[in-house]
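# Structural overview for review
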Amino acid sequence: MLRETCLAIALVALGMAAAGHAQLTDVTQTPNTENEGIQKSLPDQIGTGQGDVITPDSSIFLIQRDPFRSIRRGRQLFQRKFTGAQGLGPRTGDGVGDIEADASVAAGLADSCASCHGRPRGSAGFGGNVFTRPDSRDAPHLFGLGLIEMLADEITTDLRAIRDLAILEAIDKGDSVTAELQSKDIDYGEITANPDGTVETNDVEGVNADLRVRPFFAQGGTISMREFIVGALNAEMGMEAFDPLLASAASGGAVVTPAGLVLDGALDTIEGPPAASPSDDPDGDGVVDEVNVALVDHLEFYLLNYFKPGTHVRQPGVATRGRQRMSEMGCLSCHVADLEIQRDRRVADVETTLSAKGIFNRLFATATGLFTEVDDGFGFPTLKEPVGGSFLVENVFTDLKRHDVGPGFWERNFDGTLQKEFVTEPLWGAGSTPPYGHDGRSIDLEEVILRHGGEAAEAREAYQDAPSRHRQQVVAFLQSLVLFPPDDTASNLNPGDPSHPDFPQHGHGSIALTVLFNDPGDIE
């Protein structure tokens, strides 16, 4: 019963069992008759700070002992519309400065994460556009972001282990050793290790010479969700965090984030936080500690556990043939369909598919717990530790490598240079995210396919020369890979009640909240 309750809370946390919207204010700032909004003030969400496993209402305490409440808190922070008094703004340099050196000068000013990542409704989706390049950048969806981070980190570990073994063999043999770089059946080229410990990396493919897979941003610029969160809060919202973990790693230290990622500044260049201490005020707006580290913890843990996209297969035969056509055309050489994680750091998984049990959008989500309970003897609720098993990430369709797919995708930088290589875009969610391309310049799926060239020229030509029926099958399959509004998606733990008087205005599960918590007012 406890495990079922925890899973139900997981769906509440992620948004499948509670009314929610792309952006929210809190009721302490904007009281209203409907009592709609976040039920906690920002200081309440900060709680007792980062703390530890024996400090109640600290971020570490919640992540370790009440993880789904931490996820819920992260979701509401993602949706929260921050105010000037809380540190919102100004933009980098107030929008004035050397844009060639720092493109965030033109990033714009949003008042919530959901301003850029809010479609479909209530999700950590897509929707924003920023002038950080002359041709602009579209904000991608964040579904499955934690899975992407884990895949990239494991591939990095594999590639570096191959390199380190080759160095040891070269030293032992007194002769150069060439080793193929492969991980998860993906080829990243090869390296040659020399007896003096140096490594030749000219034949490395798709990643930098340091063999670190950087999955975030179209060009492959950032290692971790934590860096992405802290950087986006600053660049897009003018909210400056002091994060002692990022500060330590950026200075060469090794840390483990509350979401379980190891950041080692001796191995990688880590992006430090914009503020040097909780009392630092780099933007001079008179507000310090604009983003308490506890908020960063909750946001990171929320995105680690965020839903992967769903499948909405209306014509099973057509969709199946479409995936086969993609293989025949060569698309899957870069858009690798399924990748396996060896150690899953999440505490729950949600599988979302088209189902007769779906109500509002004909999708149905099935939640599965991925945690074990451990009594550590302190008298607090048990620790909820990730099982840490393997997990097959299906329908992701990426190799997490950078490729040059031709001039149609090349991107101008403000300093006159061209960005020619981009990380293979995961295709999950493609059926819900027009327009396409990192810049949003392709109006539909066929147009973005035909835009490919360079390393993808043969696959593009195979698609272009294929019979119309085959092309339609490919597009139909891609359209089955969807994002979804979590508030309007029924689940195994909250199937919904169309006969309820609030249906569909308040989603499927708003009436279930009082069942899950003793005090409805305690809901984030």
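Let me sum up the structure you'll find in this document. Values in this document were obtained by computation on a predicted structure and should not be read as measured data.

Rules and cut-offs
Residues numbered from 1 in each chain as written. Predicted model: local features only at pLDDT ≥ 70, side-chain atom pairs only at ≥ 80, totals over all residues. Heavy atoms only, no water. Core = buried A, V, L, I, M, F, W, Y, C linked by side-chain atoms within 4.5 Å. Buried < 20%, exposed > 50% of the residue type's maximum accessible area, 1.4 Å probe, protein only. Helix = DSSP H or I, 4+ residues; strand = E, 2+ residues; numbered from the N terminus. Contact = heavy atoms within 4.5 Å. Expected span 1.5 Å × (residues − 1). Arc of directions from axis to C-beta.

Phe-78, Tyr-188, Leu-233, Leu-263, Leu-303, Val-393 and Leu-400 are the most contacted members of the largest nonpolar core, which totals 82 residues. In terms of residues, this core owes the most to one element, helix α5 (residues 145-173), which gives eleven residues. Those residues in contact with Leu-233, other than ones at most four positions away along the chain, are Cys-113, Gly-238, Met-239, Val-291 and Leu-299. Met-329, Ala-430, Ala-456 and Val-475 belong to the second largest nonpolar core, which has 22 residues in total.

Along the chain, Leu-383 falls in strand β15 (residues 383-386). Considered as a pair, Leu-383 and Gly-128 are 255 residues apart in the sequence and their alpha carbons are 38 Å apart. Ignoring anything within four residues of it in the chain, the contact list for Leu-383 reads Val-53, Gln-64, Arg-65, Thr-372, Glu-373, Val-374 and Asp-376.

Residue position: Phe-126 is located in strand β2 (residues 126-127). Using a relative accessible area of 17% as the deciding quantity, one classes Phe-126 as buried. Along the chain, Phe-126 and Gly-330 lie 204 residues apart, while their C-alpha atoms are 28 Å from each other.

Next up on the list: unusual backbone geometry. The omega torsion of the bond from Arg-119 to Pro-120 falls at 0°, within 30 degrees of zero and hence cis. Note that Pro-120 resides in the loop between β1 (117-119) and β2. Across the junction of Pro-434 and Pro-435, the peptide omega takes the value -10°, indicating a cis bond. Positionally, Pro-435 belongs in the loop between β20 (422-423) and α10 (445-450). Positive phi, normally seen in glycine, also occurs at Asp-185, with a value near 65°. Position of Asp-185 among the secondary structure elements: in the loop between β5 (177-183) and β6 (186-193). On the accessibility criterion, Asp-185 (81% relative accessible area) is exposed. Backbone geometry at Arg-362 places phi at a positive 65°, although glycine is not the residue there. Among the secondary structure elements, Arg-362 is positioned in the loop between β12 (348-354) and β13 (363-369). Overall, the relative accessible area of 45% leaves Arg-362 in the partly exposed class.

All right, on to the environment of Gly-146 then. Tracing the sequence through the fold places Gly-146 in helix α5. Linking Gly-146 and Phe-301, residues 155 residues apart in sequence, is a C-alpha distance of 8.6 Å.

The next point concerns the side chain of Ser-112. Mapped onto the fold, Ser-112 is located in the loop between α4 (67-79) and β1. Those residues within four positions of Ser-112 in sequence are excluded, and the remaining contacts are Gln-23, Phe-78, Gln-79, Arg-80, Lys-81 and Met-237.

Let us now look at helix α9 (residues 316-329). Between its terminal C-alpha atoms α9 stretches 20 Å, which fits the 20 Å expected from 14 residues at 1.5 Å a residue. Looking only at α9, the buried set comprises Val-318, Ala-319, Gly-322, Arg-325, Met-326 and Met-329. End-on, the buried residues of α9 take up no more than an arc of 115°, which puts them together on one face. Turned more than 90 degrees away from the buried face of α9 sit Pro-316, Thr-320 and Glu-328, all of them exposed. In this structure, the buried residues of α9 make contact with α11 (457-465) and α12 (468-479). The first or second residue beyond α9 is Gly-330, which carries a positive phi of 95°.

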